[in-house]
Amino acid sequence: MNIAVSYHETVTKLQGLDWPAPGPFDRLEWFALLERPLFAMAEDGTERVLLPLQRGEDGLEALTSWFSFVWRPIGASGELLQTIARDLRRRTYMVMLAPLPDDDGSAGRTEVAFREAGWLVIREQCDENHVLPVAGRSFAEYWAGRPGKMRTTLKRKARKIEVEIFSRFDERAWADYQAIYAESWKPEEERSDVLEAFARAEGNNGRIRLGIARADGVPVAAQFWTVEKGTAYIHKLAHIEAARPLSAGTTLSAALFEHVIDIDGVDLVDFGTGSDAYKRDWMEQNRPRYRLTCLDWRQPRAWRTIGKALVRHLAPHNRPG
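Not measured: the values here are computed from a predicted model. (Residues numbered from 1 in each chain as written. Predicted model: local features only at pLDDT ≥ 70, side-chain atom pairs only at ≥ 80, totals over all residues. Heavy atoms only, no water.)

## Concerning helix α6 (residues 171–182)
Then, number 1: With twelve residues, α6 should cover 16 Å at 1.5 Å per step; its first-to-last C-alpha distance of 17 Å lies within 8% of that length.
Then, number 2: Of the surrounding elements, those touching the buried residues of α6 are β7 (162–166), α7 (192–204), β8 (208–215), β9 (218–228) and β10 (231–239).
Then, number 3: If you check the start of α6, you find a side-chain oxygen 3.1 Å away from the backbone N of Arg172, and it comes from Asp170. (Helix = DSSP H or I, 4+ residues; strand = E, 2+ residues; numbered from the N terminus. Expected span 1.5 Å × (residues − 1). Contact = heavy atoms within 4.5 Å. Polar contact = N/O pair within 3.5 Å; in protein donor to acceptor, adjacent residues only side chain to side chain.)

## Quick look at the packing of α6 against α7
Then, number 1: Between α6 and α7, the shortest axis-to-axis distance is 12 Å and the interhelical angle comes to 150 degrees. Classified by the interaxial angle, the pair formed by α6 and α7 is roughly antiparallel. The crossing of α6 and α7 is right-handed. Side by side, α6 and α7 meet where Glu171, Trp174, Tyr177 and Gln178 of the first sit next to Leu195, Glu196, Ala199 and Arg200 of the second. (Axes fitted to C-alpha atoms, helices over the stretch in contact; angles between N-to-C directions. Parallel < 35°, antiparallel > 145°, perpendicular 65-115°, else oblique. Left-handed = near helix turned anticlockwise from the far one by under 90°.)

## Thoughts on the side chain of Thr83
Then, number 1: By the element assignment, Thr83 lies in helix α2 (residues 78–88).
Then, number 2: Judged by its relative accessible area of 15%, Thr83 falls in the buried class.
Then, number 3: Once residues within four sequence positions are removed from consideration, Thr83 is found in contact with Ile3 and Val5. (Buried < 20%, exposed > 50% of the residue type's maximum accessible area, 1.4 Å probe, protein only.)

## Remarks on the pairing of β9
Then, number 1: Judged by how many residues are buried, β9 sits mostly within the fold: nine of eleven residues are covered.
Then, number 2: With eight bridges connecting them, β8 and β9 associate as antiparallel partners. Within β9, the position partnered with Leu210 by the bridge is Phe224.
Then, number 3: Between the antiparallel neighbours β8 and β9 lie two residues, among them Asp216 with a positive phi of about 55 degrees.
Then, number 4: Of the pairings in the sheet, the one linking β9 to β10 comprises eight bridges and is antiparallel in character. The residue of β10 that forms the bridge with Ala221 is His239.
Then, number 5: Where β9 folds back onto β10 in an antiparallel hairpin, the turn is made up of two residues, including Lys229, whose phi is positive at roughly 50 degrees. (Pairing = 2+ DSSP bridges.)

## Brief notes about unusual backbone geometry
Then, number 1: Note that the residue after Ala98, namely Pro99, is joined by a cis bond; omega there is -5 degrees.
Then, number 2: Position of Pro99 among the secondary structure elements: in strand β5 (residues 94–101).
Then, number 3: The phi angle at Arg36 is positive, at roughly 55 degrees, despite the residue not being glycine.
Then, number 4: Inspection of the secondary structure assignment puts Arg36 in the loop between α1 (28–31) and β2 (37–43).
Then, number 5: With phi around 55 degrees, Ala135 is a residue other than glycine that occupies positive phi space.
Then, number 6: Residue class for Ala135 comes out exposed when judged on its relative accessible area of 69%.

Here's what the structure looks like:
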């Protein structure tokens, strides 16, 4: 089999190719928004695999942003992935890949490919992903299973809140989202221009679900979701701290859940990464996300990192008692 490996610093030469994109963070349009890309591609004439990477301070890393839910190789061929991994040893001593899912086999397949290509691979859980399998339920059936406190809060306070949900990008609604976020408890967004460019693209394709909650006509809570291929993704949510007693966030969340379940008919709601306790009230399953640290033990630059990893691995076994 004749496998060719190539490297690209833009998506320009990749755009004419047919790439699988199971979610928003697998599309070439998404990667085009990010900085310092290095796309490693292997193809054999019938199949191809793409590894979206970026240059880090040490070695290469997965090409992600601060609000990426997931990262994985694009394409399923283990042999092509192994060929890329082998070739990468000529370019760097370390490749760090995260956050990888394994519910679709991506983490395991990537780990095996790099090991077979001669890398020392350290696999660790780095995050978690809360999801809701809808399982054919209506929103009413789903809501009946939520904690009593949530259901009581919605019943008592929803009438004080007006909700509007946009399925296309709306300048006024986005300005409301930005104003709410600025007055919320959330830290300042890193590269908010990337988030806005992403929102505009999702809106232009009809995938956005941007919810704004108002009290007496004043915007007090906002949430940015998208819907794609049977999955609703919850990207960002915020509310004004002064409006916390109104529980506008709960009312807005419930309205968006109802919309994506009863109108969009999704099979899954994905709350992204993070261990926030409130996500457990809305979600029903928790999936791990993994980091693979791939080190070329033949290169001296990797030895210090390998040593630190060994110490970290052995430390619990050395504790007295």
